Amino acid sequence: MLPESDLAAVVDELRRLRTRVPQLTGALAAGVDGLVVAHDTPGIDPDGLAALTAASLGVAVRLADATGNGGFRELLVRGERGYVATYAAGRTAVLTLLAQDRVNVGRLHLEGRRAGARVGELLDAAEAEARRRPPERPARPAPARTRAATRTPRATVTETPTATER
């Protein structure tokens, strides 16, 4: 899980991106596995968008590989009312941007690539830091006290020899 400070830095980058490109209607950072890392997507379900991003990413990666064009960098989908652009963000994440139809696509790519690189740096650094830290051991809860544990032990009886032992 991403520490709060790193998560805040990613969310802050998404908000700054939406300020730089006013035609953006949403921004999402997600793992390539389809899990949301951070989002600024008013009116859009971030979990559903992350899952769809992962599915489209799978196809885009295979298409780039099959055509010999190298590793995935970006994907652009144009709909009747706008764009969905997905950019590589480090080793294990992607940045998906939603934009109005009137967006300057060149500006969208310029800012999207920069933000993808920045988000990737933040997430890769957080991942590297997590690998360096020793794993946290969860605190063991105190054993539950059962009724048997609260009883006082019986007094021991001194052994007296029986008639056969004498």
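Residues numbered from 1 in each chain as written. Predicted model: local features only at pLDDT ≥ 70, side-chain atom pairs only at ≥ 80, totals over all residues. Heavy atoms only, no water.

An unreviewed UniProt entry lists the protein under the name Roadblock/LAMTOR2 domain-containing protein, from Streptomyces griseoluteus.

Which parts of the structure should I look at to understand the overall build of the protein?
When its secondary structure is counted, the protein shows four helices and five strands. If you list the helices and strands of the protein from N to C, you get α-β-β-α-β-β-β-α-α. In the protein, 47% of the contacts between residues at least 6 apart in sequence involve partners at least 24 apart. In the structure as shown, the protein presents an accessible area of about 11,500 Å², 54% of it carried by carbon and sulfur atoms. (Helix = DSSP H or I, 4+ residues; strand = E, 2+ residues; numbered from the N terminus. Contact = heavy atoms within 4.5 Å. Areas by Shrake-Rupley, 256 points an atom, 1.4 Å probe, with all protein chains shown as cover.)

So what exactly am I meant to see when it comes to the packing of helix H1 (residues 4–20) against helix H3 (residues 105–132) here?
In a packed pair of helices, the relevant descriptors are the angle between the two axes and the axis-to-axis distance. Where H1 contacts H3, the two axes come as close as 10 Å, and the packing angle between them is 175°. Comparing their axes, H3 and H1 come out roughly antiparallel. In this structure, H1 uses Asp6, Ala9, Val10, Glu13, Leu17 and Arg20 to contact H3, whose residues at the interface are Arg107, Glu111, Ala115, Arg118, Val119, Leu122, Leu123 and Ala126. Of the residues belonging to the contact of H1 with H3, the class tally is eight nonpolar, no polar and six charged. (Axes fitted to C-alpha atoms, helices over the stretch in contact; angles between N-to-C directions. Parallel < 35°, antiparallel > 145°, perpendicular 65-115°, else oblique. Nonpolar A, V, L, I, M, F, W, Y, C, P; charged D, E, K, R; others polar.)

Whenever I open this one, the nonpolar core confuses me. Can you help?
Note that soluble globular proteins tend to have their nonpolar side chains buried in a common cluster. One finds Val10, Leu17, Leu24, Leu97 and Leu108 to be the most contacted residues of the largest nonpolar core, which totals 23 residues. Those elements giving two or more residues to this core turn out to be H1, strand S1 (24–31), strand S4 (82–88), strand S5 (93–100) and H3. It is H3 that contributes the most residues to this core, five residues altogether. Counting residues in each nonpolar core, the second largest holds five residues, with Ala30, Leu49, Ala50 and Leu98 among its members. (Core = buried A, V, L, I, M, F, W, Y, C linked by side-chain atoms within 4.5 Å. Buried < 20%, exposed > 50% of the residue type's maximum accessible area, 1.4 Å probe, protein only.)

Sorry if this is basic, but what is going on with the sheet that holds strand S3 (residues 74–79) here?
If you walk across this open sheet you meet the five strands as S2-S1-S5-S4-S3, and the pairing is antiparallel. The open sheet has two edge strands with one neighbour each: strand S2 (36–40) and S3. Averaged over all pairs of adjacent strands, the angle between strand axes in this sheet comes to 10°, irrespective of strand direction. Here S1 pairs with S5 via seven bridges, running antiparallel. From the neighbouring strand, leucine 24 faces S5, where its bridge partner is alanine 99. Contacts between H3 and the sheet are confined to S1, S2, S3, S4 and S5, with S4 contributing the most and set at about 35° to the helix. (Pairing = 2+ DSSP bridges.)

What is the right way to look at the environment of valine 94 in this model?
If you trace the backbone, valine 94 turns up in strand S5. Taking the C-alpha atoms as reference, valine 94 lies 8.7 Å from leucine 57; in sequence the two are 37 residues apart. Setting aside chain neighbours within four positions, we find valine 94 in contact with Leu28, Ala29, Ala30, Val32, Thr53, Leu57, Phe72, Thr86, Tyr87, Ala88 and Ala89.

Quick question: what am I supposed to make of the pattern of salt bridges here?
Opposite charge on two side chains lets them pair, provided their charged atoms get close. Throughout the structure, instances matching the rule amount to 12 salt bridges. The shortest N-O distance in the salt bridge between arginine 18 and aspartate 40 comes to 3.2 Å. Of the two residues, arginine 18 sits in helix H1 while aspartate 40 sits in strand S2, which places them 22 residues apart along the sequence. Residue classification places aspartate 40 among the buried positions, given a relative accessible area of 16%. The shortest N-O distance in the salt bridge between aspartate 101 and arginine 78 comes to 3.4 Å. On the criterion of sequence distance, the pair formed by aspartate 101 in the loop between S5 and H3 and arginine 78 in strand S3 is long-range, its members being 23 residues apart. The class for aspartate 101 is partly exposed, based on a relative accessible area of 31%. (Salt bridge = Lys/Arg side-chain N within 4 Å of Asp/Glu carboxyl O.)

How should I be thinking about H1 in this particular structure?
Given 3.6 residues per helical turn, the α-helix brings residues three or four places apart onto the same face. A rise of 1.5 Å per residue sets the reference length of H1, with its 17 residues, at 24 Å; its end C-alpha atoms lie 24 Å apart and thus fit the reference within 8%. Within H1 the residues assigned to the buried category are Val10, Val11, Glu13, Leu14 and Leu17. The arc that holds the buried residues of H1, viewed along the axis, is 150°, so those residues lie on one side. Relative to its buried face, H1 has exposed residues pointing more than 90 degrees away, namely Glu4, Ser5 and Thr19. On its buried face, H1 is in contact with S1, S2, S5 and H3. (Expected span 1.5 Å × (residues − 1). Arc of directions from axis to C-beta.)

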